[in-house]
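Structural description and commentary
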Amino acid sequence: MYVPERMCIACRTRRPAHELLRIAADKEANAAVPDADGKMQGRGAYICRDIKCIRQAEKKRIPEKHLKLAVCDGFYRQLEDMI
């Protein structure tokens, strides 16, 4: 059975997609937002369910660079709450 793998944008490790958090590009809000159920349409990125990866992404502004969008208010706290 095929299990789709995705790469974490912070630590660059490959994992099954269901083990990662999805970040989606919300074109209406013109911002990157956490995608809790992984079903939002459009460009997306994945990050590990790990505080270290989220903090590294925040420090280096990785989601903003990867999706070429600003992040919404409280974005990183929402990711931490999803863990």
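See the structure printed just above.
Now for a look at the structure at hand. What you see as residue numbers is a count from 1 along each chain, following the sequence as written. Only residues with pLDDT of at least 70 get local features here, since the model is predicted, and only at 80 or more are side-chain atom pairs given and counted; chain-wide, interface and lining totals rely on the full set of residues. Think of the side-chain values as coming from all heavy atoms in the structure, minus any hydrogens and water.

1. Here's the deal with the sheet that holds strand β3 (residues 20–26)
Quick reminder of the rule: A pair of strands counts as paired when DSSP detects no fewer than two bridges linking them. Each helix corresponds to a stretch of at least 4 residues labelled H or I by DSSP, and each strand to a stretch of at least 2 residues labelled E; elements are numbered beginning at the N terminus. Any pair of residues with heavy atoms lying within 4.5 Å of one another is described as a contacting pair. Under this scheme, a helix contributes an axis fitted over its contacting stretch, all axes are lines through C-alpha atoms, and angles between N-to-C directions fall in the 0 to 180 degree range.
With mixed pairing, 4 strands are arranged side by side in an open sheet as β5-β3-β4-β6. Only two strands of the sheet have a single partner each, and these edge strands are β5 (44–48) and β6 (70–71). Relative to strand β4 (residues 31–35), β3 runs antiparallel, the two being bridged by 5 bridges. Each residue of the ladder has a partner; that of Ile23, found in β4, is Pro34. Where helix α1 (residues 51–60) meets the sheet, its contacts fall on β3 and β5, and the angle it forms with β5 comes to roughly 130°. Contacts from helix α3 (residues 75–82) reach β3, β4 and β6, with the element oriented near 10° to β4.

2. What to know about the pattern of salt bridges
The condition that has to hold: A carboxyl oxygen of Asp or Glu within 4 Å of a side-chain nitrogen of Lys or Arg is what we treat as a salt bridge. The buried label applies to any residue whose accessible area, calculated with a 1.4 Å probe on protein chains only, is under 20% of its type's maximum; exposed applies above 50%, and partly exposed to all values in between.
In the structure shown here, the tally under the stated rule is 4 salt bridges. Put simply, Glu58 and Arg77 hold a salt bridge, and the shortest N to O gap is 3.3 Å. With a gap of 19 residues between them, Glu58 in helix α1 and Arg77 in helix α3 connect regions that are remote in the sequence. Residue class for Glu58 comes out partly exposed when judged on its relative accessible area of 28%.

3. Focus on the packing of α1 against α3
To characterise two packed helices, one gives the angle between the axes of the helices and the distance between these axes. Here is the rule: The labels follow the angle: roughly parallel below 35 degrees, roughly antiparallel above 145, roughly perpendicular from 65 to 115, and oblique for the rest. In the scheme used here, Gly and all other residues not listed as nonpolar or charged are polar, with Ala, Val, Leu, Ile, Met, Phe, Trp, Tyr, Cys and Pro taken as nonpolar and Asp, Glu, Lys and Arg as charged.
Interhelical geometry of α1 versus α3 gives an angle of 170° and a closest axis separation of 10 Å. When the axes of α1 and α3 are compared, the pair comes out roughly antiparallel. Taking contact as the criterion, the partners of Ile51, Ile54, Arg55, Ala57 and Glu58 in α1 are, on α3, Tyr76, Arg77, Leu79 and Glu80. Grouping the amino acids of the contact of α1 with α3 by side-chain chemistry returns 5 nonpolar, no polar and 4 charged.

4. Structural notes on α1
The following threshold applies: What the arc describes is the spread of directions from the helix axis to the C-beta atoms.
Among all positions in α1, only Cys53, Ile54 and Ala57 are buried. For α1, the angular spread of the buried residues around the axis is 100°, confining them to a single face. Summarising the geometry of α1, the exposed residues directed more than 90 degrees from the buried face are Lys52 and Lys59. Buried residues along α1 sit in contact with β3, β5, α2 (62–67) and α3.

5. Structural notes on the packing of aromatic side chains
Just so we agree on the cut-off: Within 6.5 Å between ring centres, the rings of Phe, Tyr and Trp (the latter by its six-membered ring) count as paired, and their orientation is classed by plane angle as stacked under 30 degrees, edge-to-face over 60, tilted in between.
Taken as a whole, this structure holds 1 aromatic pair when the rule is applied. Between Phe75 and Tyr76 the ring centres are 4.9 Å apart and the planes differ by 85°, which places this aromatic pair in the edge-to-face class. Side by side, Phe75 and Tyr76 carry an identical accessibility label, which is buried.

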